[in-house]
Amino acid sequence: MTKPKFAFNWASSCGGCEIAIFELGTKLVDVANKIDIVFWPAVFDYKYSDLEAMPDKSIDVAFFNGAIQNSENEHVAKLLRAKSKMLVAFGACAYCGGIPALANTTNRDQIFASSYLETATTDNTEKVFPQSNVQVAEGELTIPEFYNTVKTLDQTVDVDYYVPGCPPVGEQVSKVINQFVEGGLPSRGAVLGASEKSLCHECKRVKTDRKITKIVRTYQTIQDPEKCLLEQGIICMGPATRGGCGSICLDANMPCRGCYGPLPNVIDQGGKMLSALSSVFDADTEEDIQKLADSVVDPIGTFYRFSLARSLMRRTRP
Amino acid sequence: MAEKIGVYICHCGTNIGKTVDCKAVAEYACLLPNVVVARDYQYTCSDPGQEMIKNDIRELGLTRVVVASCSPLMHEPTFRRAVEGAGLNPFLFQMANIREQCSWITEDRELATARAKVIVSAAVMRVNFNEPLQVQKVPVNPNVLIVGGGITGIEAALQIADSGKKVYLVEKEATIGGFMARFDKTFPTLDCAACILTPKMVSVGQHPNIELLSYSDVTDFSGYVGNFTARIRRRPRYVDEDKCTGCGQCEQKCPLSVPSEFECGLGKRKAIYRPFPQAVPSTPVIDREHCLCFTKGVCKVCQKFCPRGAIDFEQEEKYVDVQVGSVILATGFDLFDASRIKEYGYGRLPNVITSLEFERLTHASGPTAGKILLRNGKPPESVAIVHCVGSRDLNYNEYCSRVCCMYSLKTAHLVHEKTEAKVYEFYIDMRAFGKGYEEFYKRLLHEDVTFIRGRVAEVTDVPQNLSEKGKLIVVAEDTLLGIVRRVPVDLVVLSVGLEPRRDVVQVAHTFRISRSKDGFFLEKHPKLAPVSTAGDGIFIAGSCQGPKDIPDSVAQGAAAAANVLSLVDRREVELEPTIALIHEESCSGCKICIGLCPYNAISFDEAGKRAVIATALCKGCGVCVAACPSGAIEQQNFTGRQLLAEVEAICAQ
Amino acid sequence: MVIEMTERFEPKIVGFLCKWCAYTGADLAGTSRIKYPPNVYPIRVNCSGRVDPTLVLKALSTGADGVLIAGCHPGDCHYTNGNVKTIRRFMVLQKMLDQFGIERERVRLEWVSASEGERYARIVESMTEEIRALGPLNWKAKLEVAA
């Protein structure tokens, strides 16, 4: 029996999703024995020309992590779509945009200025910036074009399945890979390796009175480790985020940041969290409500930390 | 399978048709997805119009219907019934408002037609997601709560009680009777107010079906039509109502006299008192702010002399909960505070009095035994009556108080009857609109009253010449003569206007009803539903709805009673099923919704780790639906999908 | 989407009106034949507390130039305090819209009672003119341009 052909690719990402595969630990060997990896640039020396040479639909499953932030990301996404029977958006970046999508609160010019000019330790008196095309003696050098707006994978090509998480936790990765190898996949378009309910369902902390009297950052308060963080004034994205991660962040006394993305019936994760959080403000007058509202210092960064590209607005006004 | 939508664009005669090109809108609707038929029609709400829709449902197998016409607040029930008559669930119908919020707000035909198209497409896109729903039928509790025991409340109470239903009549004061109990004669017949009122008051007091809760008010009100709960606070009279026989000994023996509110402070009452001799109930009340027992711990003479031992200084306030199916608010009015108009000198000049104070003077059992006297005890030689005090005035109340012209004429007549005084009436217009009113005005014209047309600018006691010395000078422009006149008189009667009661906001909040621009309770429709409110089962009657005279108040009291009896005899009512439902598979147990419900309809099932809504308590506000971060709660007929469809349709154009 | 210079920009404003107060007040404006700019498209809800901020974002991101949420005056809510929840959501939403670069004039929360037809008309008028001066939002087109 031929083993299914798998491909793994990373786009605009941190590499954590590759680590997620390695998190399988000893199970990795079992996995490696069941599948045939035909493309994994992060780990083995594959070239794009290898990918281009493959016949269409010859890859069974492509796991694509990372958001689409430049023309290289887009090119490979389109290639993999053509070459694969099933394309999976793996990890928060590919699914919702992830942290790279926070670039949607700014633009390329600002990013370049920050990175290449304004940082204190940068010495760039000649104001040299990367160019997509440069003529040198040997010929033309090209590097990918850097986009203004970060997109999710499915805003670029058709996607068959999604595996959320930043990164997806090891146990779930193992289950998901098995689903592809052994079968038992739900219908196309489904989210795999995650719960259909929010994090609150599996979080072990005790939830009592849903009334927010103050909002603080994690370092501004001594936490009660048994009690729900929202009730202690720490914004936890748990209510509006898919579970399935085992609530590991909460066990480490850190609030959920929303990396598993929105719940099935929700069209905008950040908007829903905004609604839920503000609805339970313990304030009835305009003055009191304004005080609490003002202590939500960075709404976009808080509510759309991992999902800005997937949100309704997608980005701030350019 | 795709829906089959029928769309009907109504011309509503020229109401819509004059401004909106209905044919064009119908043609446009034909092109919308899933629309199988789109027609325009003159009067869709008419019988043939409704038949047309029913025929299309039957013959074309329509699964959804949209009617673009007037506001859903007008005809949604009509079309829902029509659709149901053809066998389609009434909630598979959607209305598009292209009249009140389209053809009537602009004269630009192009803009109006473009707007109508957008509104229609929003309704069409939404109706795809409408689901069949069943109305909830609830039984109607036949008991009735009436708040306010003035003539209006009394009328309503007697009508309903006579039909065999139980009435709880709550009255804030120690006695029923309201303002009418303080009037002397009533226009235009000059009936003695007490003579026609007190028999009704006695009937109320004795009626087996009326439970009179006086010296009480409603502190809490909850529930829905047919099933309300009212919490009534019974303030302590310090006299046991069951033991008291109304003999009046306590009042006689009480050593302390204080100014009487009933007499507008012109006369006195005791610390233990009945507001007036014919009070119902006839049980007195102790005024603990003045009573020597409460203030100094002495006296208790009333207790010593009471033959029934009915005095109870330990009495405490009590709360009573009643269950009723409907409510009539007949809480009445308050008079405009004349001291606000500094130029008239009320409160500063002793012989400037209000019309109500005049009533007490002329009343046979009032502080002057019916004689019209100045503060110095002498009868006046001249009297001025000033119309529109606080009414028809941009500085105070814009509206006309309706009754003042007539009662001013009555005042003039009574002055003539009881004194030799010369009477001057300062009016702006003479509003004598009712049965016998114009005739009464004619009568006064022959009674040698001097009518001066002009709003009074000032009442002053500063004389400009000898003839004005010691008099009150009324300064007004006589608009018919075109000169400013100074008229020296002894007594000035200010015809003060009617205002909403001082606690109207609190009462409106308690019963959750709206108020009009002028502050009175808001009726459902000014012409066709003057005693109903937007809240089903809650009715208003009398001057709490707007200034009115006694005939109109009684008429409204009876109208409200008829509305109530119609509701009660129906035995059950239908509730809009726009309630919230939780999809169990999606609920993550985050508990965000639990505390948000104003009716405490959401509880938490610890075992199943999910929220549960008690559908009988849910009123369908949708707050929990918007807050749920999992999107696990949906509101029937206002689902996220339906609202999104409307938004998408509007924005897509 | 090209707008000809000669054609006047007609703002498209989505309005969420509560049926007990604002929607009835808006009807009253029409019944009283008060003329005002026809730029707010009404969506009826039972209470302003039903308005999920997500709906506002949906409107803005799919072509609306502005959004009006209108409910009962505080204290007058038919459902006791639905409008208080609306204020809570609105204030945080306003902060977030600031971050998105959406001018405050474009999304407004107003109180309109059932008897305030004139007031409703004036609100719509002022909002329409303010947004007309700001120009179309055209969010989708902006996204394309910013790619």
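The rules behind each value
- Residues numbered from 1 in each chain as written.
- Chains lettered and ligands numbered in written order.
- Predicted model: local features only at pLDDT ≥ 70, side-chain atom pairs only at ≥ 80, totals over all residues.
- Heavy atoms only, no water.
- Helix = DSSP H or I, 4+ residues; strand = E, 2+ residues; numbered from the N terminus.
- Buried < 20%, exposed > 50% of the residue type's maximum accessible area, 1.4 Å probe, protein only.
- Contact = heavy atoms within 4.5 Å.
- Lys, Arg positive; Asp, Glu negative; His and termini not counted.
- Charge placed at Lys NZ, Arg CZ, Asp CG, Glu CD.
- Areas by Shrake-Rupley, 256 points an atom, 1.4 Å probe, with all protein chains shown as cover.
- Domains from an automatic or database assignment.
- Pairing = 2+ DSSP bridges.
- Axes fitted to C-alpha atoms, helices over the stretch in contact; angles between N-to-C directions.
- Buried area = accessible area lost by both parts, 1.4 Å probe.
- Salt bridge = Lys/Arg side-chain N within 4 Å of Asp/Glu carboxyl O.
- Polar contact = N/O pair within 3.5 Å; in protein donor to acceptor, adjacent residues only side chain to side chain.
- Nonpolar A, V, L, I, M, F, W, Y, C, P; charged D, E, K, R; others polar.
- Disulfide = S-S within 2.5 Å.
- Expected span 1.5 Å × (residues − 1).

**Remarks on the overall build of chain B**
Part 1 of the argument: When helices and strands are counted, chain B shows 17 helices and 34 strands.
Part 2 of the argument: Projected onto its principal axes, the C-alpha positions of chain B cover 90 × 70 × 40 Å.
Part 3 of the argument: Looking at chain B as a whole, 58% of its 653 residues are labelled buried.
Part 4 of the argument: Within chain B, contacts between residues at least 6 apart in sequence are counted, and of these 69% link residues at least 24 apart.
Part 5 of the argument: Once the 75 positive and 77 negative side-chain charges of chain B are each reduced to a mean point, those two points are 4 Å apart.

**Points about the overall build of chain A**
Part 1 of the argument: Scanning chain A from N- to C-terminus turns up 11 helices and nine strands.
Part 2 of the argument: Dimensions of chain A, computed from C-alpha atoms along their principal axes, come out at roughly 65 × 60 × 30 Å.
Part 3 of the argument: For chain A, with 318 residues in total, the buried portion stands at 52%.
Part 4 of the argument: By sequence separation, contacts in chain A at least 24 residues apart represent 72% of the contacts at least 6 residues apart.
Part 5 of the argument: Total accessible area on chain A is roughly 14,400 Å²; 52% of this is exposed by carbon and sulfur atoms.
Part 6 of the argument: Here chain A holds 33 positive side-chain charges and 38 negative ones, and the gap between their average locations is 5 Å.

**Quick notes on the domain arrangement of chain B**
Part 1 of the argument: For chain B, the assigned domains are domain 1 (5-133), domain 2 (144-235 + 320-333 + 506-570), domain 3 (249-305), domain 4 (334-499) and domain 5 (580-636).
Part 2 of the argument: On a C-alpha basis, the centroid separation for the pair domain 4 of chain B and domain 5 of chain B is 62 Å.

**Section: the sheet that holds strand 17 (residues 318-324) of chain B**
Residues and elements named next belong to chain B.
Part 1 of the argument: Judged by pairing direction, the sheet is antiparallel, and its three strands sit side by side in the order 11-12-17 without closing on themselves. Every other strand in the sheet has two partners, leaving strand 11 (216-224) and strand 17 as the edge strands with one partner each. Going across the sheet, the axis of each strand differs from the next one's by a mean of 20 degrees, ignoring polarity.
Part 2 of the argument: Relative to strand 17, strand 12 (residues 227-234) is paired through seven bridges, and the arrangement is antiparallel. Residue pairing for strand 17: Ala230 is matched across the bridge by Val322.

**Looking at the interface of chain C and chain B**
Part 1 of the argument: On the side of chain B, 49 residues touch chain C, which itself brings 50 residues to the contact.
Part 2 of the argument: When the area that chain C buries against chain B is broken down by residue, the three leading residues are C:Tyr41, C:Arg44 and C:Arg50, summing to 16%.
Part 3 of the argument: Taken together, the links from chain C to chain B amount to two salt bridges.
Part 4 of the argument: For B:Glu648, the salt bridge is made with C:Lys58, and the minimal N-O distance between the two is 3.2 Å.
Part 5 of the argument: At the junction of chain C and chain B, the tally comes to 22 residue pairs in polar contact (both at pLDDT 80 or more).
Part 6 of the argument: Residue assignment for the side of chain C that touches chain B shows that the elements contributing at least two residues are strand 1 (13-18), helix 1 (22-31), strand 2 (40-45), helix 2 (53-61) and helix 3 (82-100) of chain C.
Part 7 of the argument: Here the residues of the side of chain C that touches chain B sort into 22 nonpolar, 14 polar and 14 charged.

**Observations regarding the environment of A:Arg317**
Part 1 of the argument: Tracing the backbone through its elements, the reader meets A:Arg317 in the segment after helix 11 (299-303).
Part 2 of the argument: The spatial distance from the C-alpha of A:Arg317 to the C-alpha of A:Thr106 is 8.6 Å, given a sequence separation of 211 residues.
Part 3 of the argument: Ignoring sequence-local partners within four residues, the contact set of A:Arg317 consists of C:Phe100, C:Gly101, C:Ile102, C:Glu103, C:Arg106, C:Leu137, C:Trp139 and C:Lys142.
Part 4 of the argument: Among the polar contacts listed, one links the side chain of A:Arg317 to the side chain of C:Glu103, at a separation of 2.8 Å.

**A look at the environment of B:Asn600**
All names here are of chain B.
Part 1 of the argument: You can see Asn600 is positioned in the loop between strand 31 (580-582) and strand 32 (602-605).
Part 2 of the argument: On the basis of relative accessible area, Asn600 is assigned to the exposed category, the value being 62%.
Part 3 of the argument: When the C-alpha positions of Asn600 and Phe638 are compared, they lie 21 Å apart, and in sequence the two are 38 residues distant.

**Digging into the state of the cysteines**
Part 1 of the argument: Applying the stated rule across the entire model yields one disulfide over all chains.
Part 2 of the argument: Put simply, C:Cys21 and C:Cys72 are joined by a disulfide, and their sulfur atoms are 2.4 Å apart. Disulfide C:Cys21-C:Cys72: the torsion about the S-S bond is 100 degrees, which places it as right-handed. With C:Cys21 in the loop between strand 1 and helix 1 and C:Cys72 in the loop between strand 3 (66-71) and helix 3, this pair connects stretches of sequence that are 51 residues apart.
Part 3 of the argument: Its sulfur unpaired, A:Cys17 is 6.4 Å from the next cysteine sulfur, which belongs to A:Cys14.

**Description of unusual backbone geometry**
Part 1 of the argument: A:Pro167 follows A:Cys166 through a cis peptide bond whose omega is -10 degrees.
Part 2 of the argument: Locating A:Pro167 in the fold gives a position in the loop between strand 9 (161-163) and helix 7 (170-182).
Part 3 of the argument: Between B:Val280 and B:Pro281 the backbone carries a cis peptide bond, its omega angle lying at -5 degrees.
Part 4 of the argument: Its identity as a non-glycine residue notwithstanding, B:Tyr238 has a phi of 65 degrees, on the positive side.
Part 5 of the argument: Within the secondary structure layout, B:Tyr238 lies in the loop between strand 12 and helix 8 (249-253).
Part 6 of the argument: Assessed through its relative accessible area of 5%, B:Tyr238 is described here as buried.
Part 7 of the argument: Non-glycine residue B:Asp448 carries a positive phi angle of around 65 degrees.
Part 8 of the argument: Structurally, B:Asp448 is set in the loop between helix 13 (437-445) and strand 23 (450-453).
Part 9 of the argument: Take B:Asp448: its relative accessible area is 54%, and that puts it in the exposed class.

**Points about the pairing of strand 30 (residues 572-575) of chain B**
Residue and element names in this part refer to chain B.
Part 1 of the argument: Burial along strand 30 is one-sided: Val573 and Leu575 are buried, while Glu572 and Glu574, pointing the other way, are not.
Part 2 of the argument: Sheet topology places strand 5 (residues 136-139) next to strand 30; four bridges connect them, and they run antiparallel. Counterpart to Lys137 in the pairing with strand 30 is Glu574.

**Points about the interface of chain A and chain C**
Part 1 of the argument: Counting from both sides, the interface comprises 35 residues of chain A and, opposite them, 30 residues of chain C.
Part 2 of the argument: Regarding the contact of chain A and chain C, the summed buried area is about 3,100 Å², with carbon and sulfur atoms giving 66% of it.
Part 3 of the argument: Counting the surface chain A buries against chain C, the share from its top three residues, A:Leu274, A:Met313 and A:Arg317, is 26%.
Part 4 of the argument: Summed over the shared surface of chain A and chain C, the number is three salt bridges.
Part 5 of the argument: Across the salt bridge formed by A:Arg317 and C:Glu103, the nearest N and O atoms sit 2.8 Å from each other.
Part 6 of the argument: At the level of elements, strand 8 (146-151), helix 9 (269-279), helix 10 (286-294) and helix 11 of chain A are the ones that each hand at least two residues to the side of chain A that touches chain C.
Part 7 of the argument: Across the side of chain A that touches chain C, the residue classes break down as 18 nonpolar, eight polar and nine charged.

**Quick notes on the environment of B:Val20**
All names here are of chain B.
Part 1 of the argument: Here Val20 lies in the loop between strand 1 (5-10) and helix 1 (22-30).
Part 2 of the argument: Overall, the relative accessible area of 1% leaves Val20 in the buried class.
Part 3 of the argument: When the C-alpha atoms of Val20 and Phe91 are compared, they prove to be 27 Å apart, with 71 residues separating the residues in sequence.
Part 4 of the argument: Setting aside residues up to four positions removed in sequence, Val20 forms contacts with Val25, Cys102, Ser103, Arg109, Ala112, Thr113 and Ala116.

**Some thoughts on helix 5 (residues 109-127) of chain B**
Structurally, the α-helix is built with 3.6 residues per turn, so residues lying three or four positions apart point the same way.
Part 1 of the argument: Its 19 residues place the ends of helix 5 of chain B 27 Å apart at the C-alpha level, agreeing with the 27 Å of an ideal helix rising 1.5 Å per residue.
Part 2 of the argument: Sitting at the head of helix 5 of chain B, B:Asp108 places a side-chain oxygen 3.0 Å from the backbone nitrogen of B:Glu110.

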